[in-house]
Amino acid sequence: MTRVDFYIVEDNHAQARQRLACRLAEKAYAMNHTIYIHADDRRQAEQLDQLLWTFRDGSFIPHSLQSDKVASQAAIVIGYDNEPQEHNQVLINLGETVPSFFSRFERVAELIAGDEQARQAGRKRFRFYRDRGYELNTHNLDDKTS
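Residues numbered from 1 in each chain as written. Predicted model: local features only at pLDDT ≥ 70, side-chain atom pairs only at ≥ 80, totals over all residues. Heavy atoms only, no water.

Focus: the pattern of salt bridges
What counts is decided by this rule: The term salt bridge refers to a side-chain nitrogen of Lys or Arg lying within 4 Å of a carboxyl oxygen of Asp or Glu. Working definition: with a 1.4 Å probe on protein chains only, accessible area under 20% of the residue-type maximum means buried, over 50% means exposed, and in between means partly exposed. A run of H or I in DSSP becomes a helix once it reaches four residues, and a run of E becomes a strand once it reaches two; helices and strands are each numbered from the N terminus.
Scanning all chains against the criterion turns up 10 salt bridges. For Arg-3, the salt bridge is made with Asp-5, and the minimal N-O distance between the two is 2.9 Å. Assessed through its relative accessible area of 32%, Arg-3 is described here as partly exposed. You can call Asp-5 buried: its relative accessible area is 0%. With a closest N to O distance of 4.0 Å, Glu-96 and Arg-17 form a salt bridge. Taken together, the residues span a long stretch of sequence, with Glu-96 in the loop between β5 (90-93) and β6 (107-112) and Arg-17 in helix α1 (residues 14-30) at a distance of 79 residues. For Glu-96, a relative accessible area of 32% puts it in the partly exposed group. Arg-17 sits in the buried class, given a relative accessible area of 9%. Each of Arg-3, Asp-5 and Arg-107 takes part in salt bridges that share partners, so that together they form one network.

Brief notes about the environment of Ser-67
Structurally, Ser-67 is set in the loop between β3 (64-65) and β4 (76-79). The exposure class of Ser-67 is exposed, given its relative accessible area of 67%.

Some remarks on the side chain of Arg-17
Which entries qualify depends on this criterion: Under the rule applied, a polar contact is a pair of N or O atoms within 3.5 Å (in protein, one hydrogen donor and one hydrogen acceptor; residues adjacent in sequence only if both atoms are side-chain atoms). For this analysis, residues touch if any pair of their heavy atoms sits within 4.5 Å.
From its side chain, Arg-17 meets the backbone oxygen of Leu-111 in a polar contact 2.7 Å long. Excluding residues that lie within four positions of it along the chain, Arg-17 makes contacts with Gln-44, Asn-93, Leu-94, Gly-95, Glu-96, Leu-111, Ile-112 and Ala-113.

Examining the nonpolar core
Basically, it comes down to this: Throughout this description, the term nonpolar core refers to a set of buried Ala, Val, Leu, Ile, Met, Phe, Trp, Tyr and Cys residues connected via side-chain atoms within 4.5 Å.
Ranked by size, the top nonpolar core spans 26 residues in total, and within it Ile-37, Ile-92 and Leu-111 carry the most contacts. Among the elements of the structure, β1 (3-9), α1, β2 (35-38), α2 (42-54), β4, β5 and β6 are those that each provide at least two residues to this core. The dominant element in this core, judged by the number of residues it contributes, is α1, at 7 residues. Counting 14 residues, the second-largest nonpolar core is a separate cluster that includes Tyr-36, Val-77, Phe-105 and Tyr-134.

Function cannot be read off these values alone, since they describe shape.
Next comes the structure, spelled out in structure tokens:
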């Protein structure tokens, strides 16, 4: 059964969640996991694409946008409007809702920002998973996401 982890970032800055997504992707990649990062829209996906190259000095995290021809060969894929074609081990959700395909993953990382609107959306997702009997874990993080 899918395990769901909620990561709560106190920082309200939009890039705080994206930086956390990069850190989680880097960690999962180092463990040889395949990762799908789900963004809300194209703009967010493209921002994350750029950030994965630059979020940490000396870091190299090979990845691809889902629309790229080589996406099926990448260990980390970023998408926003289509269900991933490949089976992946980790889903990092930057979206405001639960993706319909979440149960295909061994692990889901839900990233929640510090503002009230994001918290409310996160609570809704938490109830969604809880009401369906998924194992839930919560990690409260400080604003040091880089």
